[in-house]
Amino acid sequence: MIYANKFAYLNFLCYLRGMKVSMKDLFFPHCCPICDDVIESQQVICDNCLADLPRTEQATMRGNMTEGLFMKEAKFVRGATFLFFEKDAPVQNLLHKMKYGMFANPLIGYALAKEAAYEFMQSDFFDGIDVLLPVPLHPKRLRERGFNQAEWICKGLSDVTGIPMDTTHLTRILNNAHQAQTAGEKRSDNVKNIFAVNHPEELFKKHVLLVDDIITTGATLQACIDVLRPIRKCHFSVFGIGKTR
Ligand SMILES: [Zn+2]
């Protein structure tokens, strides 16, 4: 009986190995963060949920809602977000799971950015962009969180488009209060003078794409643009994963 059980157990392990299921997958199955269905280990979000997320279609829309936030900037070129971000909707839950909690998963941002890049490459959105700049976190917050979500989003865009990302030029010199906890009209005060540019001369004549996770009033990206504006012949575009309506 013992042998029979052992045989059955080994048979079961072989069956799992044949199915490419590891013990880790058996006890800690890899699940879609939206529908909780078990997904393959190389996936982050299941295909159905990814297809159902609400696209803004802004990559092909000149004068869209995101661009409207920066239209006064003479050197502003393009702006677009990938998804609509609504309270208590899957996109909000997803971006929350990306950034917060013990199981915060930056791969969510990476996967969404890759999908956005594939879809945006059907348009001229990335044409002429020289470098991707993620909105930086203050070193203190970076230590607390362990990663910068904007960098993971940049990496997703970069891996698909081949446009290099750069994390050395733009730095956050002040650790401001969380934007999400700051009332609308105070958001631009909260981010005033918090960024700086290292070696601005290296961005001469460059078209940079500023990358953030969520664009609300655009105050954080505007604060980045404020420090890039004095660089001669430097033009800027912006990209976000989520845009509040
Ligand atoms: Zn799913």
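Residues numbered from 1 in each chain as written. Predicted model: local features only at pLDDT ≥ 70, side-chain atom pairs only at ≥ 80, totals over all residues.

Participant: Go over the overall build of the protein with me, naming the residues and quoting the values.
Facilitator: Counting secondary structure elements, the protein contains ten helices and six strands. Contacts spanning at least 24 positions in sequence make up 71% of the contacts within the protein whose residues lie at least 6 apart. (Helix = DSSP H or I, 4+ residues; strand = E, 2+ residues; numbered from the N terminus. Contact = placed C-beta atoms within 7 Å.)

Participant: Can you lay out the nonpolar core for me, pointing to particular residues and giving the numbers?
Facilitator: Counting residues in each nonpolar core, the largest one holds 55 residues, and the members touching the most others are Leu210, Val211, Cys224 and Ile241. When contributions to this core are tallied by element, the ones reaching two or more residues are β1 (76–85), α5 (90–99), α6 (107–120), β2 (131–134), α8 (149–161), β5 (207–215), α10 (219–228) and β6 (235–244). With eight residues, the single largest contributor to this core is α6. Once you skip the residues sitting within four places of it in the chain, Val211 turns out to touch Leu132, Leu133, Pro134, Val135, Ala150, Ile153, Cys154, Leu157 and Phe239. (Core = buried A, V, L, I, M, F, W, Y, C linked by C-beta atoms within 7 Å. Buried ≥ 20, exposed ≤ 12 C-beta atoms within 10 Å, placed from the backbone.)

Participant: Report on the pairing of β5, specifying residues and quantitative values.
Facilitator: Of all nine residues making up β5, eight are buried, and the element is well covered by its neighbours. Bridging between β2 and β5 involves four bridges; their strand directions are parallel. Its bridge partner lying in β5, Val131 is registered against Val208. As paired elements, β5 and β6 share eight bridges and run parallel to each other. Residue pairing for β6: Val208 is matched across the bridge by Phe236. Chirality of the crossover, the property in question, places the unit of β5, α10 and β6 among those that are right-handed. (Pairing = 2+ DSSP bridges. Right-handed = clockwise from strand over helix to strand, strands pointing away.)

Participant: An account of the environment of Leu107 is requested, with residue identities and associated values reported.
Facilitator: As for its placement among the helices and strands, Leu107 is situated in helix α6. A tally of 15 C-beta atoms within 10 Å means that Leu107 is categorised as partly exposed. Sequence-wise, Leu107 and Gly156 are 49 residues apart; in three dimensions their C-alpha atoms are separated by 9.1 Å.

Participant: Any chance you could break down the sheet that holds β6 for me, citing the residues and the numbers?
Facilitator: Strand order in the open sheet formed by four strands is β1-β6-β5-β2, and the pairing between neighbours is parallel. With one partner strand each, in any of the chains shown, β1 and β2 form the two edges of the open sheet. Mean inter-strand twist for the sheet, computed between neighbouring axes without regard to direction, equals 20 degrees. Running at roughly 125 degrees to β5, α8 makes contact with β2, β5 and β6 of the sheet. (Axes fitted to C-alpha atoms, helices over the stretch in contact; angles between N-to-C directions.)

Participant: Describe the pairing of β6, and please don't skip the residues or the numbers.
Facilitator: The buried count for β6 comes to nine of ten residues, which makes it a mostly enclosed element. Relative to β6, β1 is paired through seven bridges, and the arrangement is parallel. Residue Phe85 lies in a different strand from β6, and its bridge partner there is Thr244.

Participant: If you had to explain α5 to someone new, which residues and values would you point to?
Facilitator: Along α5, the positions that sit buried rather than exposed are Val91, Leu94, Leu95 and Met98. Seen from one end, α5 has its buried residues packed into an arc of 95 degrees, which puts them on one side. Of the surrounding elements, those touching the buried residues of α5 are β1, α6, α8, β5 and β6. (Arc of directions from axis to C-beta.)

Participant: Any chance you could break down the packing of α6 against α8 for me, citing the residues and the numbers?
Facilitator: One can describe the packing of α6 onto α8 by two numbers: an axis separation of 7 Å at closest approach and a directional angle of 35 degrees. Between α6 and α8 lies a crossing of right-handed hand. Contacts from Gly109, Tyr110, Ala111, Ala113, Lys114, Ala117 and Tyr118 in α6 reach Gln149, Trp152, Ile153, Lys155, Gly156, Leu157, Asp159, Val160 and Thr161 in α8. Classifying every residue of the contact of α6 with α8 gives nine nonpolar, four polar and three charged. (Left-handed = near helix turned anticlockwise from the far one by under 90°. Nonpolar A, V, L, I, M, F, W, Y, C, P; charged D, E, K, R; others polar.)

Participant: Talk me through α10; I want residue IDs and the actual numbers.
Facilitator: With seven of ten residues buried, α10 is to be regarded as a mostly interior element. Within α10, the full set of buried residues consists of Ala219, Thr220, Leu221, Ala223, Cys224, Ile225 and Leu228.

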